[in-house]
Amino acid sequence: MRLFIHVIEARNLPSIYLNGSSDPYVRLQLGKRRSKTTVVKKSLNPLWDEEFSFLVGDLKEELIISVLNEDKYFNNDFLGWVRIPLLTIVDTADLSLGTAWYQLQSKSKKSKNKKRGEIFLTVYLSPRNSLPHEIPHAPCGTLDDIASKSDKVCEPAGQMPLSAPNNNTESSIPIEAEDISTLRETKSTTSFVEFLSNIFGKNTEAPSSPTPGNLDPLEQLQQAEACENQDEEACCDKTFCEKLELMASKDQGDEMPGNLPGGVLINQSYVAAPGVLNSLLFSPSSSFWQSAAELQGTTDLQIEPWRLDNDEKCLRRILIYTKAASKLIKSVKATEEQRYLKADGNAFSVLATVSTPDVPCGSYFKTEILYCITPGPQLPSDDQTSHLLVSWRLNFLQSTMMKGMIESGARQGLKESFAQLADMVSENVKAVEQEDIALNKEHILSSLQKKEESKWRLAIWFLGNFTFISFVFIGLYVLAHLQLATPSMVSGLEYLGLDLPDSVGEIVVCAILVLQGQHVLKVTGRFLQTWKQRGSDHGVKAQGNGWLLTVALIEGCSISAVDSSGLSDPYVVFNCNGRRKTSSIKFHTEDPKWNEVFEFDAMDDPPSRMDVTVYDFDGPFNEVIPLGHAEVDFVKSNLSDLADIWIPLQGKFAQASQSKLHLRVFLSNSGGRGVLTEYLTKVEKEVGKKINLRSPQTNSAFQKLFSLPEEEFLINDFTCHLKRKMPLQGRLFLSPRIIGFYANIFGHKTKFYFVWEDIDDIQVIPPSLSSVGSPSLMIILHRGRGLDAKYAAKALDQHGRLKFHFQSFVSFQDANRTIMALWKARSLSPEQKVEEVEEVSEEKRLQTEESGSSCMGIEDVKMLEANSFMELFSGGPLEHKIMQKAGCLDYSTTPWEPVNHNTVERQTTYKFDKSLSIYGGEASTTQQKSPLTDNSGWMIEEVMTLQGVLLGDYFNLQLKYQVRDVPCKPKTSNVQIFFGIAWLKSTKHQKKIAKNIISDISVRIKEIFFEVEKEFQN
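> Looking at this model, I keep getting lost on the overall build of the protein. Mind explaining?
Of regular secondary structure, the protein possesses 19 helices and 41 strands. Here the protein holds 1018 residues, and 44% of them are scored as buried. Contacts in the protein between residues far apart in sequence, at least 24 positions, make up 61% of those at least 6 positions apart.

> Please explain the pattern of salt bridges as it appears in this structure.
Two side chains of opposite charge can pair, provided their charged atoms sit close to one another. With the rule as written, the count across this model stands at 25 salt bridges. For the salt bridge of Lys41 with Glu70, the shortest nitrogen-to-oxygen distance reads 3.1 Å. Placement of the pair is Lys41 in the loop between β3 (33–36) and β4 (47–55) and Glu70 in the loop between β5 (62–69) and β6 (77–85), with a sequence separation of 29 residues. The class for Lys41 is partly exposed, based on a relative accessible area of 47%. Look at Glu70 and you get partly exposed, because its relative accessible area is 26%. One salt bridge connects Lys749 with Glu407, and the closest N-O pair in it is separated by 2.7 Å. Taken together, the positions of Lys749 in strand β29 (residues 748–755) and Glu407 in helix α7 (residues 403–428) put the pair 342 residues apart, joining distant regions of the chain. With a relative accessible area of 38%, Lys749 lands in the partly exposed category.

> Quick question: what am I supposed to make of the pairing of strand β19 (residues 570–576) here?
A regular strand places its side chains on the two faces of the sheet in alternate fashion. Among the seven residues of β19, six are classified as buried, and the element is accordingly described as predominantly covered. In the sheet, β19 pairs with strand β22 (residues 609–616) via six bridges, with the strands oriented antiparallel. Each bridged residue has a counterpart across the sheet, and for Phe574 the counterpart in β22 is Val612. The sheet contact formed by β19 and strand β20 (residues 579–582) spans four bridges and is antiparallel. By the bridge assignment, Asn575 is partnered in β20 with Arg580. Between β19 and β20, which pair antiparallel and follow one another directly, the connecting turn spans two residues, one of which, Asn577, has a positive phi of 50°.

> What's the story with the packing of aromatic side chains in this structure? I'm lost.
Geometrically, a pair of aromatic rings is defined through the distance of the ring centres and the angle of the planes. Within the structure shown, the criterion is met by 28 aromatic pairs. For the ring pair Phe754 and Phe804, a centre distance of 5.1 Å and an interplane angle of 40° mean the geometry is tilted. With Phe754 in strand β29 and Phe804 in strand β33 (residues 802–807), this pair connects stretches of sequence that are 50 residues apart. Look at Phe754 and you get buried, because its relative accessible area is 3%. Over the aromatic face of Trp101 sits the side chain of Arg11, whose NZ or CZ is 3.7 Å from the ring centroid. Its guanidinium or amino end placed over the ring of Tyr25, Lys36 lies 5.9 Å from that ring's centre, counting from NZ or CZ.

> Even after reading the chapter, I still don't get the sheet that holds β19, so can you show me in this structure?
Where strands meet in a sheet, backbone hydrogen bonds hold them as pairs that are either parallel or antiparallel. In space, the four strands of this open sheet follow the order β20-β19-β22-β23, with antiparallel pairing throughout. Of all the strands in the sheet, the pair left with one neighbour each is β20 and β23 (625–633). Recorded for the sheet is a direction-independent mean angle of 20° between the axes of neighbouring strands. Judged from the eight bridges that link them, β22 and β23 form a sheet pairing that is antiparallel. Each residue of the ladder has a partner; that of Val614, found in β23, is Gly628.

> Where do I start with the nonpolar core in this structure?
The tendency in soluble globular proteins is for nonpolar side chains to be buried side by side. In this structure, Leu549, Phe574, Met610, Leu661, Phe804 and Phe806 are the most contacted members of the largest nonpolar core, which totals 67 residues. Every residue in contact with Met610, bar those within four places of it in the chain, is listed here: Leu549, Val551, Phe574, Asn575, Cys576, Phe600, Ala630, Glu631, Val632, Phe634 and Val665. By size, the runner-up hydrophobic cluster in this structure holds 49 residues, among which are Ala272, Leu280, Trp289 and Leu319.

> How do you make sense of unusual backbone geometry when you look at a structure like this?
Most peptide bonds are trans, and most residues other than glycine sit at a negative phi. We note that Asp300 has phi near 55°; this positive angle belongs to a residue other than glycine. Relative to the elements of secondary structure, Asp300 occurs in strand β11 (residues 299–303). The class of Asp300 is buried, set by a relative accessible area of 13%. Positioned with a positive phi, Gln658 is a non-glycine residue whose angle comes to about 55°.

> When you look at helix α18 (residues 877–885) in this model, what are you seeing that I'm missing?
One full turn of an α-helix is made of 3.6 residues, so residues set three or four places apart face in the same direction. Within the sequence span of α18, burial applies to Leu878, Glu879, Ile882 and Met883. Mapping the buried residues of α18 onto a view down its axis gives an arc of 120°, with all of them on the same face. In the stretch just after α18, Gly887 is the one whose phi turns positive, near 95°.

> Looking at this structure, how should I read the environment of Ser637?
By the secondary structure assignment, Ser637 is in the loop between β23 and β24 (645–648). Given the relative accessible area of 23%, Ser637 is considered partly exposed. Those residues within four positions of Ser637 in sequence are excluded, and the remaining contacts are Leu642 and Pro709.

> Help me understand the confidence of the model for the protein in this model?
Detailed reading of the predicted coordinates is not advisable wherever pLDDT falls low. Here the protein averages 75 in pLDDT, and 75% of its residues register 70 or above. With pLDDT under 50 throughout, residues 129–218 is counted as low confidence; its partners more than four residues away or in other chains account for 150 contacts.

> It is not clear to me how the environment of Gly376 should be interpreted in this structure. Could you clarify?
Note that Gly376 resides in the loop between β16 (365–375) and β17 (386–396). Among the residues examined, Gly376 registers a relative accessible area of 21% and is labelled partly exposed. When sequence neighbours within four positions are dropped, the list of residues in contact with Gly376 reads Thr385, Ser386 and His387.

> Can you walk me through the sheet that holds strand β21 (residues 593–603) in this structure?
Taken together, the four strands give an open sheet; going across it, the order is β21-β18-β25-β24, and neighbouring strands pair in antiparallel fashion. The strands lining the two open edges of the sheet, one partner per strand, are β21 and β24. The mean inter-strand angle of the sheet, taken between neighbouring strand axes irrespective of direction, is 30°. Looking at chain direction, β24 and strand β25 (residues 660–669) are connected through four bridges and run antiparallel. Residue pairing across strands places Trp646 opposite His662, the latter belonging to β25.

> What is the right way to read a nonpolar patch on the surface from this model?
A cluster of nonpolar residues, Val472, Leu476, Tyr477, Val478, Leu479 and Leu482, forms a patch on the protein surface that exposes about 600 Å² of accessible area. Among the structural elements, Tyr477 can be located in helix α10 (residues 466–484).

> Honestly, helix α14 (residues 696–706) in this entry has me stumped. Any pointers?
If you check which residues of α14 are buried, you get Asn699, Phe702, Gln703 and Phe706. Considered in projection along α14, the buried side chains sweep an arc of 100° and stay on one side of the axis. For α14, the elements touching its buried residues are β27 (728–734), β28 (738–745) and β29. Positioned one or two residues after α14, Ser707 has a phi angle of 55°, which is positive.

> Please explain the environment of Ala352 as it appears in this structure.
Its place among the elements puts Ala352 in strand β15 (residues 348–355). A relative accessible area of 0% places Ala352 in the buried class. It is 6.3 Å that separates the C-alpha atoms of Ala352 and Leu370, two residues lying 18 residues apart in sequence. Look past the residues within four positions of Ala352 in its chain and what remains in contact with it is Glu336, Glu337, Gln338, Thr367, Glu368, Ile369 and Tyr371.

> Looking at this structure, how should I read the packing of helix α6 (residues 288–296) against α7?
Packed helix pairs are specified by the crossing angle of their axes together with the interaxial distance, meaning the distance between the axes. Relative to each other, α6 and α7 sit at 130°, their axes nearing to 11 Å. Here α6 is positioned oblique relative to α7, judged by the angle of their axes. Note that α6 runs across α7; the crossing there is right-handed. The segment α6 lies against α7, with Phe288, Trp289, Ser291, Ala292, Leu295 and Gln296 engaging Ser417, Gln420, Leu421, Met424 and Val425. Of the residues contributing to the contact of α6 with α7, the split by class is seven nonpolar, four polar and no charged.

> What is the right way to look at the side chain of Ser735 in this model?
Examined against the element boundaries, Ser735 turns out to sit in the loop between β27 and β28. Using a relative accessible area of 0% as the deciding quantity, one classes Ser735 as buried. At 2.5 Å, the side chain of Ser735 and the side chain of Glu712 are in polar contact. Once you skip the residues sitting within four places of it in the chain, Ser735 turns out to touch Phe702, Glu712, Phe713, Ile715, Trp756 and Leu822.

Basis of the calculations
Each residue is numbered by its place in its chain's sequence as written, counting from 1. Residues qualify for local features only when their pLDDT is at least 70, as the model is predicted, and side-chain atom pairs are given and counted only at 80 or more; totals for whole chains, interfaces and linings, by contrast, use all residues. Note that water and hydrogens are dropped before the side-chain values are worked out from all heavy atoms of the structure. Helical segments are the DSSP runs of H or I of at least four residues, strand segments are the runs of E of at least two, and each set is numbered from the N terminus. We call a residue buried when its accessible area falls under 20% of the maximum for its residue type, exposed when it is over 50%, and partly exposed in between, using a 1.4 Å probe and counting protein chains only. In what follows, residue pairs with any heavy atoms lying within 4.5 Å of each other are defined as contacts. Take a side-chain nitrogen of Lys or Arg and a carboxyl oxygen of Asp or Glu: if they are within 4 Å of each other, that pair is a salt bridge. Whether two strands pair depends on DSSP finding at least two bridges between them. Aromatic pairs are defined between Phe, Tyr and Trp rings, using the six-membered ring for Trp, whenever the two ring centres lie within 6.5 Å; interplanar angles under 30 degrees are classed as stacked, those over 60 as edge-to-face, and all others as tilted. As a reminder, the over-ring test applies to NZ of lysine and CZ of arginine, requiring each to be within 6 Å of the ring centre and within 35 degrees of the ring normal. Only the stretch in contact is used when fitting a helix axis, every axis being a line fitted to C-alpha atoms; angles between N-to-C directions are given from 0 to 180 degrees. What we call a nonpolar core is a set of buried Ala, Val, Leu, Ile, Met, Phe, Trp, Tyr and Cys residues that are connected through their side-chain atoms within 4.5 Å. Working note: the arc is built from the helix axis to C-beta atom directions. Per-residue confidence from the prediction method is given by pLDDT, with values spanning 0 to 100. Candidates for patches are residues over 30% relative accessible area with no salt bridge; among them, like charges are joined within 9 Å and nonpolar side chains (Val, Leu, Ile, Met, Phe, Trp, Tyr) within 5 Å. Residue burial considers only the protein chains on display, and all accessible areas are found by Shrake-Rupley using a 1.4 Å probe. Orientation labels follow simple angle bins: below 35 degrees gives roughly parallel, above 145 gives roughly antiparallel, 65 to 115 gives roughly perpendicular, and whatever is left gives oblique. Each helix crossing is assigned a hand: it is left-handed if the near helix lies turned anticlockwise from the far helix by less than a right angle, otherwise right-handed if that turn is clockwise. Residue type decides the class: Asp, Glu, Lys and Arg count as charged, Ala, Val, Leu, Ile, Met, Phe, Trp, Tyr, Cys and Pro as nonpolar, and the leftover types, Gly among them, as polar. Pairs of N or O atoms are called polar contacts if they sit within 3.5 Å, as long as, within protein, a hydrogen donor faces a hydrogen acceptor (for residues adjacent in sequence, only side-chain-to-side-chain pairs).

Okay, structure coming up:
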């Protein structure tokens, strides 16, 4: 049912301005649906002659017609209003109030100004949404296939004027042309049911109708309206579906378009089929956009029907609406073109281009919004799901200095708008929760059934050939011959124990037996190796707590072959963060089926990529031949996109045959926020500086800037210059997996990043005049890496490696320590880190030996008298001087404080010099001093904790000093030092670490004692 209003004119309106005039306009509201007329300037008797129509949702609503004065600088002034309940229109015989003057009322009954003027209106209801040419008295606003919330229309030429006298008015109910004569012939118009039967009857013959007292007219009207609306929606849906099917029939299998670079506005999965979600958003019968307009205050919404292009390959429609005013700009008119890029029944892609020419610089750009609807993850309940991904960008038609400001404003507005749209979609269809996705992972993995290779089948494949069978037969034949033949006499050059062939035939037979034996040995070796590798790493459960990576290897397609048979024996090797998983071998096939699941042990650091390589098995004695390789990038890919993917293989064999692998990859953080905290703590120890976790808003902006997944978070950022032909000022961003650079100079953006594993070397360039007297960093990538950022590289060296030069850091030491710590944490394996520690310790040991001094033991060290030696622990200038010479920088102590009647305690902190640790680092100690039991000396117990030292969080160091006087030797004391390691975490390198620590501690104690003796001698 529709409500039609014809706003004709008004008279005797109150004046607002000092010159005795006003700028009136009319605002109409029905429920939450609104519309308004144009503004008539400087008039108290304005003439509008404009028509409007509203779709009626509830007959209990009332029509509010307000007359306002437009004020460009402040709020609009209220002149008066009229309130008309819809039930008063329904109670009339012809569903019309006719054309009449209505007195404008004030909002408050206490208002002093009672005379607010009058407005001339025509108001009536129409029970069906008919076309204008079928409704002589209806406005032309019902042309759209979708009933918009407020359609502003104009009267077409030749339409009958709206005239409705107070008493003798002609019915304004929209009727069919063939029913007009029937209505005119009907004399009795007192029966409302007869009136409806003439309109909605299937034939012109008047059926026998019940008496008016037996039926409710309002109920009959609602039933008739519902039938009409259902018929119209079914027709629209049918037409829309037919157009989509026609477009899908001409689809050539093109891939879904990629995300637009502006960012992602909605990224959510829903429990609904893709077709259902597409119908909710874009079907003509859907009221989604009307409801969205009501929620966001959008008015004058007009939606045109979907139309096919001439080639019937693209479906498009136009939406016209007025955006609500905001704090910064007034309401503006927008035109939006929605165009289907892909529609194949299972995946849909719609590109919306929005033009707002009335906003500042509105002719310089257009806003593009891409809606992608694809099948979502599988659920344990087997319900169909779909994934909605909405991205955006600004398409600048002309260059402008306001580009950055325009993008910032558009980003904020779209973010708020689509947050409301996402809530509306969730109200209509259920969103997939994270718990459902976790259950989905278990459901998918449990549904995979691996087909075990039969041992007899393997034996037949390898041993069921002519060579092996003939060798067995000949072998049995030779054994039978040995049993029947008698030994021959020794002759020729033979001697006892050496039997040589006696003829050419025997030589040939022996050669054949040797060649066959060699081949059989090779085949048997292949069989045994295959038998050993038959089980693969499938089903081995992951251990630990942290980042868990699970890979399901489903199948392969068109795997290439390197031998003449045309078939291969492929198996797959996965490598991620130094961990390796191997699949089983599938023999003599180009389309292998694995259905195997591999779980990587928990990783402290989130993985950046996973390398996948397919090999052809050719036995243990032959060189392994790679059939293709691929790379799964966790930084550039969404985790939801990796849940079910086909990855193409690279390589000369794979590209020729277009080989692909079907994988399902799941990456989750089993430790939650605790894993992030532990990671930051570990980085803090390497850097030697406190690192705070950034806010969710900062991390979200960082993720959008470089299009990173949600699990990536920002660790630190530094202002610097990127050195090229001209220095480019920007910011260097550091995260667990990437290092990125961003600069925006007058709207010209430079943005790139690469993962830490891509870095081959980092060099510190000494200060120079070009670097403004500060050091700079040269980052060198591995060959073939970072090609996306090639335009920003300083140079390309002779080995084909890209070089990036960063300079002018505000705090070079902080930036250098953070970058080096993150790079070594990602690029070096645990074994490489231990080897580096061993190399440093070995270099220090060799330097000590070359100096000609022998290593001092940690017992029976003869020094000065005990009290003199204890000045080393007094906290005075002597202690600071000696520890400074021993390589302890920024040495500080706290005063001794009593713990009990005989024991005192203090804390010390200092930093390691580069001569002690190439990584630097800090040490914090707690020392307790107490007298010996016989009062002949002192005992000092020390517990040392290391920060920023490689593997320093695995252990604590414990030292005990016993200092006592030697009775027979005056001014001589004996010092015994006991040393121990308390392991906090287990590691297979404990022996190597303990050996290196003992060596370093011995050297350090010797240096300290030498300095003490030297000071007392002086």
